[in-house]
Structure formats: structure tokens, C-alpha cells
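Listed here are the chains, written in short residue letters.
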Amino acid sequence: MGEFEVHRVRFFGLVPAGVRCLACHPRGARLALARTDGTVEVYNFAANYFQEKVIPGHEARSVESLCWAAGERLFGAGLGGDITEFDLCGLSAARGVDGGGGPIWSMVASGTGTQLAIGCEDGSVKIFQVVPGGGIQFERNLDRRKGRVLCLSWHRSGTYIVAGSIDFFRVIDVASGQTVQRIMVNHQVEKAKPECVVWAIALLSSGTVVSADSFGRVQFWDWEQGTLAESHTVSTSAALSLAVSEKEDSIVVGTSTGATYQLQLLPVKLGGLEKCWVRTKPFQFHSHDVRAVAHSSTALISGGLDAQLVIRPLMEKVQKKGYDAVLRKFTFPHRRLVSCARKARLLLFQFSQYLELWRLGSTEETGKDGEVLPPCRMPEHLVQLKSKGPEHIYCSCVSPCGTWVGYSTASRFQLYRVHCDGDGVSLRKVPKVPKLLPPAYQLQFSADSESLFVASARGSVHVFQLLEPGGCKHLHTLQPPSGCSEAVYLLAPSADGHWLAAVSGDWAIHIYNLKCFQHHCVVPAYSCAVSALAIHPSTNNLVIAYSDQQLFEFSIPEKQYTSWSRAVQSRGLHRTWLERDSPITHITFNPKNPAHILLHDTYLLCILDKSLPLPDDSTLLMNQSTLKQLPETARKRQLHAFKICKKFQPLLFMDLLDENCLVVVERPIMDFKTQLPLAVQQKKFGT
């Protein structure tokens, strides 16, 4: 695999925000997720559940509820009292309208997607019209009752809305706006117990109301008669969320113990017509509250305050083993939050509202494979750079020489010069940075640290020249010739400063010639999102990793795929490689061996040796530590292109500092879970 001195970094103190709410697209193509810090993410099911869009949070924005409406439009509402439409092309909060009822606890779209209903702190339920051209417009108020409206559900026919509150829920006739039924949910609870909170509710097409409450019960009600049909106690603590399948024969419930449960509508007798709800499958994938669940056609989806998004496939719905049959757990973003200054041996860590610049430690010792070498100089925290205002940081980068740092929020792009003196390290803001339409979605410095590339909206990339002792000049704006409505989210400059590859949200890869600032070519379209790409320093071949785990190599000078890439697609990659659920997030190259491509995802580091044959499906893709334990003859039989190391997990970043030195950044799950609030204590057997 190659011998490297590895800087194993574990001082990136990232604590991902918990999942607050989920919204499955009505056609099942995408999943929207909101976190407790206001960040909104969109996952594409068809692209192997890739996190294709991220809208950074805002300190003044809370998102308690998300819903899709009018096709591909995404709306959010929260305790700030505003209904916000998110611009999925510009990756920003586009429009906000005051709900007029104080904090908004819940929101739901009508079956046609043309109306939104919100549940407010003052007990009101309000209807808004979705305007086709953009934005929403207040339509009318429905019957107002005392008590905040914590959850809503709209009947498929559009005739009724059910609203859940504390101790009761009510059914509202949409046409008249009047409450036609009010049902108390705590009538069977002892008087000594506290109030019963209806955390989640669903109105089925049959007229049955399903409620999940703070006593851990999932109850089925005949609202017309005002009677309880069935009751299932799924947890000793609160049932916080529920979601119903499209066919309304399956329900997933999330609880405050971290467990999720599935209830299914099954025949009482085999072959009989009478059916009842049965709790069939419990799952314990979370350690904290499961505040959000969703039910797609093939999977149960849950999000917890432990920051995990879990996608558990319904095996009875999966026709064959593949992407849909894999249990997925996403904790960390599918984008880089770490950048490296190779020459200066610095690391820049991106948090939601500040950056940290660290200098790596060093050692003068040498040792054998696997030995931990004592440092002669410890890693040093040089400086913390705080972003002013409530906006979260979109992107950041440090130059290879370590003398420039840039970052962007939704409204400001900032560039700093790093100064080192006897008193330490300081940052000086670069004055008179050319004003461009913010935000920047990706920043990338050239290999010689003389240029800065700023990814912008509508597929454009701005090119800046960096000036001594601390200034910059706008040189050119690169734009795709056919136009583009999506923002650029990935950049890859060549080492010789000749080429730049840019990937926009429509998954198109445009190549630009930086010598004449002209569009060079477009890489042939592919059906999945690009998760990482890089240009080889000696051949100027573009190596591309897609979210479905496919790898391509494109010759930029020749404007075509290389012979190696064609061979890979003809033969096919190993089945185990393709069934991985974590996308490649970074690619780099070994200057000592041009045939080596280094890439990583969250759980493995791989050196792809193009000089060796590709493995077939009968060959085991072994971890290098396992391979070393085999006899010499067995190791020779395992000689193939994929050299895999799973020693470093979860792996957030990897890069080569030089031909013999590697830096990896890990964030062990238990390290940040110790910083989360205490989970609900459960009695265990034998204690």
C-alpha cells in the first residue's frame, strides 16, 4: 500500500447538530432534513442518498417543520414565527412571511400542494396559498382554540385538518373553518400523572386519526364517533414522531429513548378481511430523542438529537440486493469542513460560526509500521476567527502556503492575510475585496497560492489574483456557455494553473482554460451527483467520484475518457466497493507514484493503483491489516488495484503533505456524544 508517516488528528471538535424534522418528497425522490441549528439539507434517493444540497443555518432561524409543496418547492416554519421558502438553486432562505400567530410549531401541505396550514402558539390554524410565481399569501384563519398547536395533518381529500395540542386534538372542517370534533386523549390516565402532550398526529384517508403522545402511546381514533379504536404503548417514555406509508398500511414511530417502532396493518386471521394494527419491528439505532421520522416506499427513515440520519430498508419491499438493501447511518456532512496548507503544515477547521487554524506537530523519531512516534513539537492552536452576525459559514479555505484564509456567509465574503511574528499568529482582513453577489459556495486556492477561485450562483466562478502584501484583484468570471440555474458546489484547479473543473447543482462538470479564461469542454453527463474530483498534477487527467461509487478518469487535453477509465467501465468495479453507503469526499495523488490515486470516504482510506489489475467479485477486498496476516502466497493472490485501510474512522479529511507524509482527521462518534445532553435513562436487565 505504501509507507507513510501519518499525522492522526483528533482535535477537530465538531459537534453535529441534531435532526429536528424530516420531509419526504411526495413522489419519493428526495428527502429534506432540518437540524436544530437551522441548517437545511436535501438528500437525493436516486443518487444513493447523497446529500446534494446544504443551506447553512442562521442563529435567528429555527425550523420546526418542513414540507414540500407545488412540486419541487420547499417550505419551512419555526419558532421565529415566519414561513420561509428555501431557494434550492441558490442554496439560501429566499422568502419569509410572518405567520401572524406567534411561534409556529407545525406545518403541513394540502394533498394538491397548493396550500399550507400552520399551527401556532396562540392556538390558531392558518391557511396560506402557495403563489405559482413564488412566495405565499395569507388566505384565512380556521377556528382558534386555547393551547398551542403542536402537530397537524391534512386529509388527502382536503376536507379536514386534525390539530394536536396538550391533552386533546380536534378535527377542523376546512370549508367552514369550524371545529367539528374535540377529543381528550388523557381520559384513561391517572390523575397523578402530568398533562398529556400530543406530539404527532396523522389523519388517514379512512377517517382514522392516529396520535402519538408523551405517555409513549400510539392510539387510533374514530373521530366521527369520538371513540378510541386501538391503543399501543410502544415506549415507557414519550412517543415524539410518527409517519405513515403511502398505502397507509405501515406506520413508523420515534420515541425519546432513541428507539423507533414499526406498526403494520395485518389480517387478524390468515386470508381474512378483518385487519388490525400490530407492532411488528423495534429498532434501536439512536441514543437520544428521535424527533423526526419519515416513511418512503422502501425504507423507514429516522433522525435523532444524536445527529444521525438512519435509513433502514424494508426488506420485503426490496427486490434485489443493492443500494436499497443497505442500512445507512449518516452523521457527518458529505462535504469537506477541513482544508490543508500543505507547505505550511496547517489545518483549517470550519465550524458553524467560527474557524480554527492549527499547526501540526512534528517528530524526529522513526519507527516500524504501526508504531506511535513521540512528538518533539505538539500540535498548536494558532488562532480562532469568529464570523460576525447570526449567519452560519457556507465555506472556507486556507491557501497551500498558509498565508491566506477565506470564508463566506450568506451575505459576506471575507479574505484574511495570515501574519506570523514573535508574538504568535494574527489575521489581518484584506481591505477593499471586490464586491460580488454573495454567497460563495466553495473556495479554492491555486497550487501556487497566487489565485483564488470563488464558486458562485448560476454556475459562475470568479477568479481573483492575490496581491502582496495583502490585497486581491478580480480577473474574470467564468460561466458555462449554455447557462445554468444552479450554484457551483465543487472546484478542482490543476497544479500547473492551466485548468479548472467546476461542478454545479445540475451535476454538470465544466472545464475552463485559465490561461485564456475560456470554456474548454463539458464532461459527458452522468446520472448521479459528483461527490469528489481532482486533476492529476502530471497528466491533467480529471478523476471523478460519483455518489453511486463509480470512478471515471477524463483527459482534459484530449476531451475524452482515458483508456483506463473505459476499461474500468467495461469490466465494472467490485461489488463490495459499489455497495458502500458512504460517498468519496476527497481525492488526491501521490507525487512519488503517478499511478496512485488516494481517496477516502467516512469509513475507509483507499490507494487505487492503476498499474495493477482490477479485482473481480470473487476476490475479497481486504483491509491491509488483515492482508498482512496472510501467508506470502495468499497475499500475491490478493494483488489488485484497491489497497484499503479502515484504521481511521470516522474519517472527515485526508491529504498528502508530501510524498512520505499523510494527514488524517478523525472525529470518533463517542467523542462528540459525550457533549450531547443526557439521554433518557433506561433500566437494563440485571441492574
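Details of the structure are given in the entry above.
So, how was this worked out
- Residues numbered from 1 in each chain as written.
- Predicted model: local features only at pLDDT ≥ 70, side-chain atom pairs only at ≥ 80, totals over all residues.
- Heavy atoms only, no water.
- Pairing = 2+ DSSP bridges.
- Helix = DSSP H or I, 4+ residues; strand = E, 2+ residues; numbered from the N terminus.
- Axes fitted to C-alpha atoms, helices over the stretch in contact; angles between N-to-C directions.
- Buried < 20%, exposed > 50% of the residue type's maximum accessible area, 1.4 Å probe, protein only.
- Arc of directions from axis to C-beta.
- Core = buried A, V, L, I, M, F, W, Y, C linked by side-chain atoms within 4.5 Å.
- Disulfide = S-S within 2.5 Å.
- Contact = heavy atoms within 4.5 Å.
- Polar contact = N/O pair within 3.5 Å; in protein donor to acceptor, adjacent residues only side chain to side chain.
- Salt bridge = Lys/Arg side-chain N within 4 Å of Asp/Glu carboxyl O.

**Q** Outline the sheet that holds strand E21 (residues 227–233), listing residues and values.
**A** Adjacent strands of a sheet form backbone hydrogen bonds with each other and so pair up, either parallel or antiparallel. Taken in spatial order, the four strands make up an open sheet running E18-E19-E20-E21, and their pairing is antiparallel. In this open sheet, the two edge strands, each paired with only one partner strand, are strand E18 (198–203) and E21. Direction aside, the axes of adjacent strands within the sheet are offset by 20° on average. Bridge analysis of strand E19 (residues 208–213) against strand E20 (residues 217–222) gives five bridges, and the strand direction is antiparallel. If you follow Val210 over to E20, its bridge partner there is Phe220.

**Q** Let's hear about the sheet that holds strand E36 (residues 413–421): which residues, and what values?
**A** With respect to topology, four strands assemble into an open sheet ordered E34-E35-E36-E37, the strand pairing being antiparallel. Bordering the open sheet on either side are strand E34 (395–398) and strand E37 (424–429), each of which pairs with just one other strand. Going across the sheet, the axis of each strand differs from the next one's by a mean of 20°, ignoring polarity. In the sheet, E36 pairs with E37 via six bridges, with the strands oriented antiparallel.

**Q** Provide a residue-level description of helix H1 (residues 563–571), including the pertinent values.
**A** Among the residues making up H1, those that are buried are Trp564, Ser565 and Val568. All buried residues of H1 fall inside an arc of 100° around its axis, so they share one side. Looking at H1, the residues exposed on the side facing more than 90 degrees away from the buried face are Ser563 and Ser570. Of the residues trailing H1, Gly572 is marked for its positive phi of about 90°.

**Q** Describe in detail the pairing of strand E35 (residues 404–408), supporting the description with residues and values.
**A** Of all the five residues making up E35, five are buried; the element is thus mostly covered by neighbouring parts of the structure. Bridge count between E34 and E35: four bridges; the pairing is antiparallel. Its bridge partner being in E35, Ser396 is matched across the sheet by Tyr407. Between the end of E34 and the start of E35, which pair antiparallel, lie five residues, with Gly402 showing a positive phi angle near 80°. As judged from the five bridges shared by E35 and E36, these two strands associate in the antiparallel manner. Bridging across to E36, Tyr407 finds its partner in Gln414.

**Q** Give me unusual backbone geometry: which residues, what numbers.
**A** Of note, the amide linkage connecting Glu468 to Pro469 takes the cis form, showing an omega dihedral of 0°. In the segment running from Gln649 into Pro650, the intervening peptide bond is cis, with an omega of -20°. With respect to the secondary-structure elements, Pro650 resides in the loop between strand E53 (642–645) and strand E54 (651–658). Non-glycine residue Asp167 carries a positive phi angle of around 80°. One can find Asp167 in the loop between strand E15 (160–164) and strand E16 (168–173). Despite not being glycine, Glu248 shows a phi value in the positive range, around 60°. Its location among the elements puts Glu248 in the loop between strand E22 (239–244) and strand E23 (250–255).

**Q** Any details on the nonpolar core? Residues and values, ideally.
**A** Leu66, Leu74, Leu415, Leu443 and Leu452 are the most contacted members of the largest nonpolar core, which totals 32 residues. Grouped together as the second largest cluster of nonpolar side chains are 25 residues, Ala492, Cys521, Cys528 and Tyr561 included.

**Q** Please set out the state of the cysteines residue by residue, giving values where relevant.
**A** Counting across every chain of the model gives zero disulfides. In this model Cys472 remains outside any disulfide bridge; the closest cysteine sulfur is found in Cys401, 14 Å from its own. Summary of cysteine pairing: Cys606 is not part of a disulfide, and the nearest cysteine sulfur, belonging to Cys645, is at 10 Å. The exposure class assigned to Cys606 is buried, which follows from its relative accessible area of 0%.

**Q** Residue-level account of the environment of Leu355, with values.
**A** Along the chain, Leu355 turns up in strand E32 (residues 354–359). The exposure class of Leu355 is buried, given its relative accessible area of 1%. For the pair Leu355 and Glu224, spaced 131 residues apart in sequence, the C-alpha to C-alpha distance is 57 Å. With near-sequence residues (within four places) excluded, Leu355 lies in contact with Leu348, Phe349, Gln350, Val383, Gln384, Leu385, Ile393, Ser396, Val405 and Tyr407.

**Q** Run through the pairing of strand E3 (residues 30–35), naming residues and quoting values.
**A** The element E3 is extensively covered by neighbouring structure, given that six of its six residues are classed as buried. Alternating residues of E3 divide into Arg30, Ala32 and Ala34 and Leu31, Leu33 and Arg35, and every residue in both groups is buried. In textbook terms, the turn of a hairpin is the stretch between consecutive antiparallel strands, and for strand E2 (residues 19–24) and E3 this stretch comprises five residues, one of which, Gly28, has a positive phi near 75°. Strand direction decides the pairing type here: E3 and strand E4 (residues 40–44), joined by five bridges, are antiparallel. Bridge pairing in E4 links Ala34 to Val40. Linking E3 to E4, which pair antiparallel, is a turn of four residues; within it Gly38 sits at a positive phi near 90°.

**Q** Describe the environment of Phe332, listing the residues and the values that go with them.
**A** Summarising the element assignment, Phe332 is placed in the loop between strand E29 (328–330) and strand E30 (338–341). What makes Phe332 buried here is its relative accessible area of 8%. Separated by 270 residues in the primary sequence, Phe332 and Thr602 have C-alpha atoms spaced 8.2 Å apart. In this view, Phe332 contacts Leu14, Pro16, Thr602, Pro650, Leu652, Arg667, Ile669 and Phe672; residues no more than four positions away in its chain are not counted.

**Q** Now, about the side chain of Thr588: what can you tell me, with residues and values included?
**A** Tracing the backbone shows Thr588 in strand E50 (residues 586–589). At 2.8 Å, the side chain of Thr588 and the side chain of Arg342 are in polar contact. Dropping the residues within four chain positions of it, Thr588 is found in contact with Arg342, Ile597, Leu598, Met654, Asp655 and Leu656.

**Q** Tell me about the pattern of salt bridges, and please be specific about residues and values.
**A** Taken as a whole and judged by the stated rule, the model has 22 salt bridges. The closest approach of N and O atoms between Arg140 and Glu139, which form a salt bridge, is 3.9 Å. With a relative accessible area of 25%, Arg140 lands in the partly exposed category. Asp213 is the salt-bridge partner of Arg217, the closest N and O atoms lying 3.0 Å from each other. Taken together, the shared-partner salt bridges connect Arg27, Arg30, Glu52 and Glu72 into one network.

**Q** Any details on the side chain of Thr331? Residues and values, ideally.
**A** Residue placement: Thr331 occurs in the loop between E29 and E30. According to the relative accessible area criterion, Thr331 is buried, its value standing at 7%. Excluding residues that lie within four positions of it along the chain, Thr331 makes contacts with Pro16, Arg35, Ala307, Gln308, Ile669 and Phe672.

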